[in-house]
Each structure stands twice: as C-alpha cells, then as structure tokens.
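Okay, here's what each chain looks like letter by letter:
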Amino acid sequence: AAAAAAAAAAGEAAGSAVEGAAEQTQGSKTKAEVFDLHRKTHFGKDTFDSIAAAGLNAVRIPFGYWIVSAPSHDDIYHGPALDVLDDGVRWAKEAGLQVLLDLHGGPGVGESASQ
C-alpha cells in the first residue's frame, strides 16, 4: 500500500510540474508540445510491469475530463488524449493489474487556471 501511495504521489507531483510548465509557455502549439511529451514519457508498459513485479495487484489512473473530450472554461490543459488512457488500461491488463479510473478533474471544478 505504501508503494502504491508513493507511486500515486509521484505521478501527481509530475502532473503538477507539467501543468506549471504549460502555464508558463506561450501559444497553444508550445502547450500542446509540452503535454504531448509528458504523456509520451510519464509512464509506459514497463511501469505497469514494475508495479506487478513489486507484488501490487491494482493501479489508480487519474485523468481529467480533457483527456476524453477537450478543455473548456479557459483551462490550460490540452486534449483529447484518450489513446494515452487506453494504453495505460491495456498495459495494466497485460501485467495482470486491476485498474481504478479516477476522474481527477471536471470542467470548471477547481481545475481552471482562472480559479
């Protein structure tokens, strides 16, 4: 449980870092590039294999609504990116892990840069 909590905390800290970087960039192309790079490098199949090898049996995958649709309410986020979520679920299944999908941010619910 401690390892899972540490992994979740690390993921959230990395997510905050990329959000901060995206806030500081100028223009939607740069913001998109920041988010796309983060999504391509934040986790991979080896991440889920390592979690399973550590003896854990489940993962929590937090995601915002913009992963499924697109940002709204002047949010700083870039989406959609449903393929990234699909990859995570597939890799977890291949590693024998259960998945808890955590809708981590809704439109206009404290996730906007203007709030």
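Refer to the structure above for everything that follows.
Residues numbered from 1 in each chain as written. Predicted model: local features only at pLDDT ≥ 70, side-chain atom pairs only at ≥ 80, totals over all residues. Heavy atoms only, no water.

Asks: Which residues make up the pattern of salt bridges, and what values go with them?
Replies: Inspection of the entire model under this criterion finds five salt bridges. Residues K45 and E94 are paired through a salt bridge, measuring 3.9 Å at the closest nitrogen-oxygen approach. Of this pair, K45 sits in helix α3 (residues 45-53) while E94 sits in helix α5 (residues 82-94), and the two are 49 residues apart along the sequence. Residue classification places K45 among the partly exposed residues on the basis of a relative accessible area of 34%. Take E94: its relative accessible area is 47%, and that puts it in the partly exposed class. Here E94 ties to R90 by a salt bridge, and the two come within 3.7 Å at their closest N and O atoms. Here E94 pairs with R90, and both are found in helix α5, just four residues apart, close to one helical turn. Judged by relative accessible area, which is 40%, R90 ranks as partly exposed. Via salt bridges that share partners, K45, D49, D87, R90 and E94 belong to a single interconnected network. (Salt bridge = Lys/Arg side-chain N within 4 Å of Asp/Glu carboxyl O. Helix = DSSP H or I, 4+ residues; strand = E, 2+ residues; numbered from the N terminus. Buried < 20%, exposed > 50% of the residue type's maximum accessible area, 1.4 Å probe, protein only.)

Asks: For the side chain of R39, give the residues involved together with the corresponding values.
Replies: Tracing the chain through its elements places R39 in helix α2 (residues 28-41). Despite its burial, R39 pairs with no opposite charge; the closest candidate is D36, at 4.2 Å N-O. Discounting residues that sit within four places of it in the chain, R39 has contacts with W66, I67, H78, G79, A81 and V84. (Lys, Arg positive; Asp, Glu negative; His and termini not counted. Contact = heavy atoms within 4.5 Å.)

Asks: Let's hear about α5: which residues, and what values?
Replies: Under the 1.5 Å per step criterion, the end-to-end length of α5 is 18 Å for 13 residues, consistent within 8% with the ideal 18 Å. Those residues of α5 that fall on the buried side of the exposure criterion are V84, L85, G88, W91 and A92. One side of α5 holds all its buried residues, which, seen down the axis, span an arc of 130°. Just downstream of α5 lies G96, where phi reads positive at about 80°. (Expected span 1.5 Å × (residues − 1). Arc of directions from axis to C-beta.)

Asks: Residue-level account of the packing of aromatic side chains, with values.
Replies: Scanning the model with the defined rule gives four aromatic pairs in all. Aromatic pair F43 and W91: ring centres 6.2 Å apart, planes at 85°, arrangement edge-to-face. Taken together, the residues span a long stretch of sequence, with F43 in the loop between α2 and α3 and W91 in helix α5 at a distance of 48 residues. Ring geometry for F48 against W91: centres 6.4 Å apart, planes inclined by 45°, an arrangement best described as tilted. In this pair, F48 is assigned in helix α3 and W91 in helix α5, connecting sequence segments 43 residues apart. Here the two residues F48 and W91 agree in accessibility, since each one is buried. (Phe/Tyr/Trp six-rings, centres within 6.5 Å; stacked < 30°, edge-to-face > 60°.)

Function cannot be inferred from these measures alone, as they are strictly geometric.
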